[in-house]
Amino acid sequence: MRDQPPPTPHGLTPDLFTWEFAANPYPAYAWLRRHAPVHRTTLPSGVDAWLVTRYADARQTLADNRLSKNPAHHDESAHAKGKTGIPGERQADLMTHLLNIDPPDHTRLRRLVSKAFTPRRVAEFAPRVQELTDDLIDRFTSGSDTADLIHDFAFPLPIYAICDLLGVPREDQDDFRDWAGMMIRHGGGPRGGVARSVKKMRGYLAELIHRKRQALPAEPVPGEDLISGLIRASDHGEHLTENEAAAMAFILLFAGFETTVNLIGNGTYALLTHPEQRERLQRALAEGDRGLLETGVEELLRYDGPVELATWRFATEPVVIGGQRIETGDPVLVVLAAADRDPERFADPDTLDLGRRDNQHLGYGHGIHYCLGAPLARLEGQTALATLLTRLPDLRLAADPAELRWRGGLIMRGLRTLPVEFSPPRSGQT
């Protein structure tokens, strides 16, 4: 199945950030790539920013050190009012995380955190991710043949996984689920709800880090949690402060759960609306071939990825991008969703091909701010999709695709709900 963008008359800039746009932004992005690849627009928040939509320009922009992640290079009042960045992070004293800082501080903190967030740690966590995945499927299939895959599966899986990885006690994880639920609603909840949830999470993390620091053994123990690893992480005798550790734990949670919710939700939806690709993957899994699963998840990240726009950047000096001059202090947003469908970079970009090989997508960014949690997100995405397709082979949509609604928000792209139906697994089936 192809999603062929309908033609838009040259000179008539498409509407951006409407509900119709949220449902399918790709025709508008195709128009921008052709006619206004570096486009200045007013965001729903009232902030003016540049949108970068072509792949080559996007890749250059993501790696350009003249574009700062530090909001101090923009209008402080805009950030203080929650118009840029994560609502409530300034009030909660959570600014010193990797998405808001530049080298040399970024280099120092990323090096310290990388010691605690290693590929080996992620690999060792795989059995727990599989256990959580099976448990959630057991729950929503018990006595039922319908479910909302966002609420019942895609949302709780990464929350419980990242809580386990961080070392949040099981008895406190439902609180985290409630706070995260408010954060993911993007304005759909009570006024100020996101900021209040951030503040509550910040208070809890500060207390948890203090308790873990007090009880930390002299030497690491097998299976040590990530917060303990963050506390222990050092570089030439330099340790993370408790505030830096809290900000880092917060951003790992915040950035690590919603991206995976959307990867699972968007990915499942794409497979259910492209039956030939879904059947192709099911056949490969039945034959014990996980190669197509690995390339398939990368293709799902490219085709309709969880992050629509990269997080904020601010010009520290005049910069030319795609022939367009960007002035000092101007905000720049790289549109990953547009870049990853650029026909100058990807053959037949509007076609979903799970076996696509030449697939250097930008779904997890590029350069020094490449997503630190990408290995965990890939593990969760692969585990979730493979287990769903294996245990529920006749999984199907229970709603007209045109009736589905996408969450409002600037950075992330994800479904509000994903109603499905299926034949419940037979007793003893895994």
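See the structure printed just above.
The following refers to the structure shown. (Residues numbered from 1 in each chain as written. Predicted model: local features only at pLDDT ≥ 70, side-chain atom pairs only at ≥ 80, totals over all residues. Heavy atoms only, no water.)

Points about the overall build of the protein
Inclusion rule: Strands here are runs of E lasting at least two residues and helices are runs of H or I lasting at least four, both read from the DSSP assignment and numbered beginning at the N terminus. Whether two residues are in contact is decided by their heavy atoms: any pair within 4.5 Å suffices. Residue-level accessible areas treat just the shown protein chains as cover; the underlying method is Shrake-Rupley with a 1.4 Å probe.
If you tally the helices and strands in the protein, you get 16 helices and 12 strands. Considering only contacts in the protein between residues 6 or more positions apart, those separated by 24 or more positions represent 71%. For the protein, the accessible surface area stands at approximately 18,200 Å², while carbon and sulfur atoms represent 51% of it.

Some remarks on the sheet that holds strand β4 (residues 146-148)
What counts is decided by this rule: Paired strands are those between which DSSP finds at least two bridges.
If you trace the three strands from one edge of the open sheet to the other, you get β4-β12-β11, paired in antiparallel fashion. Since the sheet does not close on itself, it has two edges, and those belong to β4 and β11 (396-397), each with one partner. Across three bridges, β4 lies against strand β12 (residues 419-421) in antiparallel orientation. When the sheet's bridge partners are listed, Ala-147 is paired in β12 with Val-420.

Points about the sheet that holds strand β1 (residues 38-42)
With respect to topology, five strands assemble into an open sheet ordered β1-β2-β10-β7-β3, the strand pairing being mixed. Edge positions in the open sheet fall to β1 and β3 (67-68), since each of these has one partner strand only.

Regarding the pairing of β1
Of the pairings in the sheet, the one linking β1 to strand β2 (residues 48-52) comprises five bridges and is antiparallel in character. Each bridged residue has a counterpart across the sheet, and for Arg-40 the counterpart in β2 is Trp-50.

Focus on empty space enclosed by the protein
Heads up, the condition is: Space inside and on the surface of the protein is sampled on a 1 Å grid over the protein atoms alone, with a cavity defined as a set of points where a 1.4 Å probe fits but cannot get out and a pocket as an open set with protein on both sides within 12 Å along at least 5 of 7 lines; lining residues have an atom within 4 Å of a point. Grid points are joined across faces, edges and corners, and a volume is the space filled by probe spheres set on the points. Charged means Asp, Glu, Lys or Arg here, nonpolar means Ala, Val, Leu, Ile, Met, Phe, Trp, Tyr, Cys or Pro, and polar covers whatever is left, Gly included.
Enumeration over the complete set of coordinates arrives at two cavities of 30 Å³ or more. The computed volume of the largest cavity comes to approximately 40 Å³. Lining the largest cavity, in full, are Tyr-26, Leu-301, Arg-302, Asp-304, Gly-305, Pro-306, Val-307, Leu-336, Ala-337, Asp-340 and Gly-363. Among the elements that make up the lining of the largest cavity, the one with the highest residue count is helix α14 (residues 291-304) (three residues). Each residue belonging to the lining of the largest cavity can be placed in one class, and the counts come to six nonpolar, two polar and three charged.

Description of helix α6 (residues 119-141)
Here is the rule: Take the number of residues in a helix, subtract one, and multiply by 1.5 Å to get its expected span. Throughout, the bend at a residue refers to the angle made by two axes, fitted to the seven residues ending there and to the seven starting there. Relative accessibility under 20% of the residue-type maximum defines a buried residue, over 50% an exposed one, and the middle range a partly exposed one, all with a 1.4 Å probe and only protein chains included.
With 23 residues, α6 extends 32 Å between its outermost C-alpha atoms, agreeing within 8% with the 33 Å of an ideal straight helix rising 1.5 Å per residue. Its maximal kink placed at Ala-126, α6 deviates by approximately 40°, while the proline Pro-127 follows within four residues. Within the sequence span of α6, burial applies to Arg-121, Val-122, Phe-125, Arg-128, Val-129, Leu-132, Thr-133, Leu-136, Ile-137, Phe-140 and Thr-141. A positive backbone phi angle near 75° is found at Gly-143, which sits one or two residues after α6.

Here's the deal with the side chain of Gln-382
Mapped onto the elements of the fold, Gln-382 is located in helix α16 (residues 374-391). Residue contacts for Gln-382: discarding those within four places in its chain leaves Arg-290, Leu-293, Glu-294 and Val-297.

Quick look at the environment of Asp-175
Among the structural elements, Asp-175 can be located in helix α9 (residues 173-184). Residue classification places Asp-175 among the partly exposed positions, given a relative accessible area of 40%. Considered as a pair, Asp-175 and Lys-200 are 25 residues apart in the sequence and their alpha carbons are 9.5 Å apart.

Some remarks on the environment of Leu-395
Positionally, Leu-395 belongs in the loop between α16 and β11. Residue classification places Leu-395 among the buried positions, given a relative accessible area of 2%. The sequence separation of Leu-395 and Asp-145 amounts to 250 residues, and the corresponding C-alpha distance is 9.6 Å. Contacts of Leu-395, omitting those with residues within four sequence positions, involve Leu-149, Thr-268, Leu-272, Arg-278, Val-420, Glu-421 and Phe-422.

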